[in-house]
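The residues making up each chain are set out below.
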Protein chains: 2
Amino acid sequence: MSQCNPALLEKLINLLGSGGVIYGEDLANRDMAWLKDKTTPWAIARPKTTADISAVMKLCSEYGQSVVTQGGKTGMVDGAATSGDNLALSLERMSGIEELDPLARTMTVLAGTPLQTIQEAAEAAKLSFPLDLGARGSATIGGNIATNAGGNSVIRYGMTRNLILGLEAVLADGTVISSMHKVVKNNTAYDLKQWFIGTEGTLGIVSRAVLKLSPLLHSENTALLAVNDFDTACTLLRELDREFGGSLSAYEVMWNSFFAESTNPENPAHKSSPMPRDYPYYILIETRGTQSEKDAETFQQVLESKFEAGQIQDAVVAQSIADKEGLWAIRDNIESLLQLSPILTYDISLSIPTMAAYLKDTEAAVLEAWPEARFIVFGHLGDGNLHIIVATDEDSPERHHAVDAIIYSRLKNIGGVISAEHGIGTEKRSFLHCSRSAEEIAMMHTIKTAMDPQNLLNPGKVLPDKT
Amino acid sequence: MSQCNPALLEKLINLLGSGGVIYGEDLANRDMAWLKDKTTPWAIARPKTTADISAVMKLCSEYGQSVVTQGGKTGMVDGAATSGDNLALSLERMSGIEELDPLARTMTVLAGTPLQTIQEAAEAAKLSFPLDLGARGSATIGGNIATNAGGNSVIRYGMTRNLILGLEAVLADGTVISSMHKVVKNNTAYDLKQWFIGTEGTLGIVSRAVLKLSPLLHSENTALLAVNDFDTACTLLRELDREFGGSLSAYEVMWNSFFAESTNPENPAHKSSPMPRDYPYYILIETRGTQSEKDAETFQQVLESKFEAGQIQDAVVAQSIADKEGLWAIRDNIESLLQLSPILTYDISLSIPTMAAYLKDTEAAVLEAWPEARFIVFGHLGDGNLHIIVATDEDSPERHHAVDAIIYSRLKNIGGVISAEHGIGTEKRSFLHCSRSAEEIAMMHTIKTAMDPQNLLNPGKVLPDKT
């Protein structure tokens with residue numbers, strides 16, 4: 001039910017112009033992107049500048065109006081979903097690169113800039129912004145920052161948090177916190193950007209950022225390996241990371257449950273496999289460097305030594321860009337999993353020594369509850385991050401909750417986390433206690449209350465209700 | 001003036017045992033390490049466990065007793081200095097490694113563990129904890145975390161913040177916040193460890209941590225280069241970082257003012273120079289990898305190409321460990337600078353494009369005020385971090401403040417920071433406004449007040465007084 005506030009609406013239109021506010025029937029035409037909850041807010045404010053955001057928040061503070069900030073709306077946990085009494089604040093008109101400084105190797109951007117725009121601008125300057133994820137075309141850097149996005153290169157470059165040098169954000173009362181430094185080292189009292197990165201828009205609205213760029217590494221080597229057991233997959237990770245001297249940039253493990261489905265000829269979305277489909281584990285590895293000949297030679301030599309040592313059962317080394325893309329297509333073949341719908345997808349993280357027992361126990365519990373279920377595993381092993389797909393025969397909130405409970409409750413006693421990279425949003429709030437103690441959650445509430453005493457920013461997200 | 005609280009003292013002794021509290025005459029025998037202000041607290045509590053810290057803080061909350069946490073007392077800005085009405089909380093009895101997990105590549109440690117103990121334990125397991133700094137023998141990991149220490153390997157591994165997976169801290173009211181996860185990816189609501197890293201003991205007392213270990217890289221290549229101008233030093237940094245494919249682990253620039261003094265035969269602490277002493281800039285570079293032969297060949301080839309291109313005027317490549325140590329000895333020769341005492345040392349950070357103009361302007365201002373002064377520059381150029389040494393003929397608080405004002409005020413308009421790695425402590429509080437806005441400082445006060453409403457934790461440090 002929409003809770004339009006006519007007085008506030010008028011002030012917002014005065015402030016932002018008529019194109020600056022979407023309301024009424026026009027709301028129905030909005031693209032909801034990946035939002036699962038399609039409820040529209042009563043209006044969408046579309047600021048063009050940080051000063052606009054500040055002015056909007058001053059008005060919202062005055063009226064006690066709750067605000068949900070929206071970027072590309074490609075989040076996985078409905079952190080940007082709205083209810084009818086929210087005002088949405090879309091950063092779609094705050095897109096653009098303010099500066100690319102090749103000497104400092106920094107890029108200054110507006111929060112609404114799509115990730116891919118940033119990646120391409122960096123590459124045009126022979127540099128790289130190494131954050132990468134599937135939604136790159138529409139996900140915005142502000143959303144990446146607010147959710148501390150992970151993605152494909154975390155093993156080498158870290159999460160989004162590690163790639164941000166400076167940040168500007170607007171507080172609930174409209175105060176602008178501008179910490180737009182361009183330096184790696186800055187120990188001048190509290191590092192306030194940490195208060196906004198990964199807090200999913202609940203403590204402030206990210207408006208601009210200074211990004212750290214890296215050298216563009218053009219020498220890539222890619223291979224698909226097959227191994228017989230999980231211990232070997234873990235040992236190989238450590239050995240390859242050491243022997244490649246830090247150039248390992250991907251170590252993606254596919255359990256047979258994933259690989260066999262992604263390459264299953266009977267699945268309409270399958271990709272072709274370059275090796276037998278019945279090995280227990282497959283690993284996609286990639287290194288990046290700059291010494292093409294030497295890197296390729298090292299890559300080949302190291303893999304041969306692992307083959308001779310009996311650790312690798314089979315290996316295909318990409319000889320062309322097409323080969324490389326063919327191998328990645330198997331790993332990225334989410335389409336083949338969607339054929340098994342209804343499916344539930346999980347994004348968890350746990351330390352490597354605890355993985356095997358966790359998966360065995362959890363799969364058994366799922367199969368005991370639903371003997372026909374599919375339990376499919378793949379993930380960024382180098383980061384301890386697993387994605388689990390559970391396909392059962394029912395698509396209902398009750399089933400969703402029942403599977404969640406099996407997956408999440410078993411993480412509690414082994415220090416596992418219920419969200420490695422997707423965040424909490426609205427979807428995982430009720431399971432937060434599986435990864436965080438009552439004391440931690442109480443401290444989060446203390447911080448939230450201090451910084452947003454009226455609870456205006458993304459209310460009802462991330463934190464469970466106070467008990 | 002000591003403000004002993006006999007009732008609290010008795011309760012502390014009951015809690016920690018007589019060896020757990022130092023007071024009265026015994027205080028005079030305490031090693032003050034690098035603390036400049038030698039004022040003793042009225043007592044020192046020496047907890048053995050997190051539960052002890054929690055119990056101490058519950059008592060202190062009850063009595064309104066301020067607490068200064070102390071590790072190795074090797075900080076550079078007197079962040080661990082005490083006044084007579086403080087209780088010091090020393091973590092010297094909380095030292096030790098609880099677990100080293102070679103599979104997860106993590107180490108779980110008590111906060112009072114010296115950095116060097118951690119480095120050595122990692123290396124014994126063929127792993128590396130890459131944080132490194134001069135005070136490694138006595139600096140504790142808790143202090144490194146509380147100050148977000150930088151050091152020699154930041155260009156490749158980042159600050160301490162990047163090396164911490166899990167953290168446990170005790171709040172002012174004794175609440176234990178235990179976030180001892182072992183995983184790289186953890187987006188389960190607010191990342192509370194960020195609230196304690198780099199906040200210098202003002203928001204909580206770090207008690208334990210989970211450290212992220214890296215592969216041990218045994219193939220090192222080191223060289224000393226001479227270049228003719230600052231632009232070339234900057235260009236070379238970008239080019240070498242790219243051409244070495246991410247293996248560059250040090251890029252230390254010495255201005256002639258530093259190099260010529262460090263190698264000055266008339267200075268009693270001088271080191272011998274392997275090349276002429278009159279080049280404008282010297283650069284110590286290091287790469288680390290694992291492919292010894294290939295790495296050495298690449299190192300040599302890349303440097304030769306820079307020499308042929310006229311970018312490098314002179315180069316000495318270390319052929320032995322003794323060579324390598326000889327080159328580093330020039331860079332680490334702080335002893336030679338101490339011969340110029342009284343000296344003032346600065347630790348600033350600014351983006352590379354702004355450096356040359358800043359240094360020219362600042363040196364001119366120093367020399368205008370004190371024509372006989374020495375102005376010496378060196379630093380981690382790869383991190384934008386410069387150390388400046390100013391030697392004038394007077395050692396007084398007034399002179400100190402006057403030089404501070406010249407160095408810090410010029411950073412304000414160019415986004416420079418007054419503390420790259422040392423922190424703010426007591427020494428830089430009054431200049432914090434040169435790097436942080438009034439809004440930023442107000443937000444810090446909001447956070448501090450919410451988390452420590454009685455202002456018990458390290459009061460009078462880091463933040464300027466409220467205006």
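Source: prediction; values computed, not measured.

## A word on the overall build of chain A
Phase 1: Scanning chain A from N- to C-terminus turns up 13 helices and 18 strands.
Phase 2: Whereas a compact globule of 467 residues would reach a radius of gyration of roughly 23 Å, chain A reaches 23 Å, a difference of no more than 12%.
Phase 3: In terms of its C-alpha atoms, chain A occupies a principal-axis envelope of roughly 75 × 55 × 45 Å.
Phase 4: Considering only contacts within chain A whose residues lie at least 6 apart along the sequence, 72% involve residues at least 24 apart.
Phase 5: Accessible surface computed for chain A: about 17200 Å², of which carbon and sulfur atoms make up 49%.

## Remarks on the nonpolar core
Phase 1: Formed by 228 residues in total, the largest nonpolar core has its most connected members in Ile285 of chain A together with Ile285 of chain B.
Phase 2: Those residues in contact with isoleucine 285 of chain A, other than ones at most four positions away along the chain, are Asn221, Thr222, Ala223, Leu225, Leu240, Phe244, Leu248, Ala250, Tyr251, Phe299 and Leu303 of chain A.

## Quick notes on the packing of aromatic side chains
Residues and elements named next belong to chain A.
Phase 1: Throughout the structure, instances matching the rule amount to 21 aromatic pairs over all chains.
Phase 2: Measuring from ring centre to ring centre gives 5.6 Å for phenylalanine 244 and phenylalanine 299, while their planes differ by 20 degrees; the resulting arrangement is stacked. Placement of the pair is phenylalanine 244 in the loop between α6 (230-243) and β13 (248-255) and phenylalanine 299 in helix α8 (residues 292-308), with a sequence separation of 55 residues. The same class applies to phenylalanine 244 as to phenylalanine 299, namely buried.

## Some details on the pattern of salt bridges
Phase 1: Applying the stated criterion across every chain, the model contains 58 salt bridges over all chains.
Phase 2: Across the pair arginine 288 of chain A and glutamate 220 of chain A runs a salt bridge, and its minimum N-O distance is 3.7 Å. One end of the pair, arginine 288 of chain A, is in strand β14 (residues 281-289); the other, glutamate 220 of chain A, is in strand β12 (residues 219-227), with 68 residues separating them in the sequence.
Phase 3: Here arginine 288 of chain A falls in the buried class, since its relative accessible area comes to 19%.
Phase 4: The salt bridge partner of lysine 185 of chain B is aspartate 383 of chain A, with a shortest N-O separation of 3.5 Å. One end of the pair, lysine 185 of chain B, is in the loop between β9 (176-179) and α6 (193-196); the other, aspartate 383 of chain A, is in the loop between β17 (374-380) and β18 (385-391), on a second chain.
Phase 5: On the accessibility criterion, aspartate 383 of chain A (6% relative accessible area) is buried.
Phase 6: Within this structure, Glu220, Glu286, Arg288 and Lys324 of chain A form a network of salt bridges that share partners.

## As for the confidence of the model for chain A
Phase 1: Averaged over every residue, the pLDDT of chain A is 96; the share at 70 or more is 100%.
Phase 2: What the predictor reports for the complex is a pTM of 0.96 with an ipTM of 0.96.

## Some words on the pairing of β17 of chain A
Residue and element names in this part refer to chain A.
Phase 1: When you tally the buried positions in β17, you get six out of seven residues, the bulk of the element.
Phase 2: Strand direction decides the pairing type here: β13 and β17, joined by three bridges, are antiparallel. Bridge pairing in β17 links valine 253 to glycine 379.
Phase 3: One ladder, built from seven bridges, connects β17 with β18; its direction is antiparallel. Across the sheet, residue histidine 380 finds its bridge partner in β18, namely asparagine 385.
Phase 4: From the end of β17 to the start of β18, which pair antiparallel, there are four residues, and glycine 384 there has a positive phi angle of about 75 degrees.

## Let's talk about the relation of the copies chain A and chain B
Phase 1: Superposition record for chain A on chain B: RMSD 0.0 Å, screw rotation 180 degrees, translation along axis 0.0 Å. The symmetry that links the two subunits is that of a two-fold axis.
Phase 2: The overlap is high: 100% of the interface residues of chain A also sit at the interface in chain B, so the same surface is used on both sides.

## Comments concerning the interface of chain A and chain B
Phase 1: The interface is formed by 90 residues belonging to chain A together with 90 residues belonging to chain B.
Phase 2: Carbon and sulfur atoms supply 60% of the area buried between chain A and chain B, which totals about 7100 Å² over both sides.
Phase 3: By the criterion of area lost to chain B, the three top residues of chain A are Lys185, Asn187 and Tyr190 of chain A, representing 14% of everything that side buries.
Phase 4: Joining chain A to chain B, the criterion identifies 10 salt bridges.
Phase 5: Note that arginine 105 of chain B and aspartate 241 of chain A form a salt bridge whose closest N and O atoms lie 3.0 Å from each other.
Phase 6: Where chain A touches chain B, the interface holds 47 residue pairs in polar contact (both at pLDDT 80 or more).
Phase 7: Those elements that provide at least two residues to the side of chain A that touches chain B are α5 (154-157), β9 (176-179), α6, β14, α8, α11 (352-369) and α13 (438-451) of chain A.
Phase 8: Considering each element in turn, the side of chain A that touches chain B owes the most residues, nine residues, to α13 of chain A.
Phase 9: Residues belonging to the side of chain A that touches chain B are distributed by class as follows: 37 nonpolar, 33 polar and 20 charged.

## Re the sheet that holds strand β1 (residues 21-23) of chain A
Residues and elements named next belong to chain A.
Phase 1: Reading across from one edge, β1-β2-β4-β3 is the order of the four strands in this open sheet, with mixed pairing throughout. The open sheet is flanked by β1 and β3 (67-70), the only strands paired with a single partner. Going across the sheet, the axis of each strand differs from the next one's by a mean of 25 degrees, ignoring polarity.
Phase 2: Taken together, the three bridges between strand β2 (residues 43-45) and strand β4 (residues 87-90) define a ladder with parallel strand orientation.

## Details of the packing of α13 of chain A against helix α14 (residues 438-451) of chain B
Phase 1: It is at 9 Å that the axes of α13 of chain A and α14 of chain B come closest, and there the two elements cross at 140 degrees. Taken together, the axes of α13 of chain A and α14 of chain B are oblique relative to one another. Between α13 of chain A and α14 of chain B lies a crossing of right-handed hand. On the side of α13 of chain A, the interface is formed by Met443, Thr446, Ala450 and Met451 of chain A, while α14 of chain B contributes Met443, Thr446, Ala450 and Met451 of chain B.

## A closer look at unusual backbone geometry
Phase 1: Here the amide bond leading from serine 341 of chain A into proline 342 of chain A is cis, since omega sits at 5 degrees, within 30 degrees of zero.
Phase 2: Relative to the helices and strands, proline 342 of chain A is located in the loop between α10 (334-338) and β16 (343-349).
Phase 3: Residue glutamate 200 of chain B is not a glycine yet carries a positive backbone phi of 55 degrees.
Phase 4: Here glutamate 200 of chain B is to be found in the loop between α6 and β10 (205-212).

## Observations concerning the sheet that holds strand β13 (residues 248-255) of chain B
Residue and element names in this part refer to chain B.
Phase 1: As summarised here, the arrangement of the seven strands in space is β15-β12-β14-β13-β17-β18-β16, forming an open sheet in which the pairing is antiparallel. The two strands at the open ends of the sheet, each matched to only one other strand, are β15 (314-317) and β16 (343-349). If you compare each strand with its neighbour and ignore which way they point, the axes differ by 15 degrees on average.
Phase 2: The pairing of β16 with strand β18 (residues 385-391) spans seven bridges and is antiparallel. Each bridged residue has a counterpart across the sheet, and for serine 349 the counterpart in β18 is asparagine 385.
Phase 3: On top of the sheet, helix α9 (residues 292-308) reaches β12 (219-227), β14 (281-289) and β15; it is set at about 10 degrees to β12, its chief contact.

## Describing helix α3 (residues 115-124) of chain B
In an α-helix, one turn spans 3.6 residues, which is why side chains three or four residues apart end up on the same side.
Residue and element names in this part refer to chain B.
Phase 1: Those residues of α3 lying buried are Leu115, Ile118, Gln119 and Ala122. Buried positions in α3, seen along its axis, are confined to an arc of 100 degrees and lie on one side of it.
Phase 2: In the segment just after α3, lysine 126 is the residue with positive phi, at about 60 degrees.

## With respect to the environment of alanine 45 of chain B
Residue and element names in this part refer to chain B.
Phase 1: Positionally, alanine 45 belongs in strand β2 (residues 43-45).
Phase 2: The exposure class of alanine 45 is buried, given its relative accessible area of 0%.
Phase 3: When residues no more than four places from it in sequence are discounted, the contact partners of alanine 45 are Leu16, Gly20, Leu87, Ala88, Leu89 and Ser90.

Calculation criteria
Residues numbered from 1 in each chain as written. Chains lettered and ligands numbered in written order. Predicted model: local features only at pLDDT ≥ 70, side-chain atom pairs only at ≥ 80, totals over all residues. Heavy atoms only, no water. Helix = DSSP H or I, 4+ residues; strand = E, 2+ residues; numbered from the N terminus. Rg over C-alpha atoms; globule rule 2.2 N^0.38 Å. Contact = heavy atoms within 4.5 Å. Areas by Shrake-Rupley, 256 points an atom, 1.4 Å probe, with all protein chains shown as cover. Core = buried A, V, L, I, M, F, W, Y, C linked by side-chain atoms within 4.5 Å. Buried < 20%, exposed > 50% of the residue type's maximum accessible area, 1.4 Å probe, protein only. Phe/Tyr/Trp six-rings, centres within 6.5 Å; stacked < 30°, edge-to-face > 60°. Salt bridge = Lys/Arg side-chain N within 4 Å of Asp/Glu carboxyl O. pLDDT = per-residue confidence, 0-100. Pairing = 2+ DSSP bridges. Least-squares fit on C-alpha atoms with pLDDT ≥ 70 in both. Buried area = accessible area lost by both parts, 1.4 Å probe. Polar contact = N/O pair within 3.5 Å; in protein donor to acceptor, adjacent residues only side chain to side chain. Nonpolar A, V, L, I, M, F, W, Y, C, P; charged D, E, K, R; others polar. Axes fitted to C-alpha atoms, helices over the stretch in contact; angles between N-to-C directions. Parallel < 35°, antiparallel > 145°, perpendicular 65-115°, else oblique. Left-handed = near helix turned anticlockwise from the far one by under 90°. Arc of directions from axis to C-beta.

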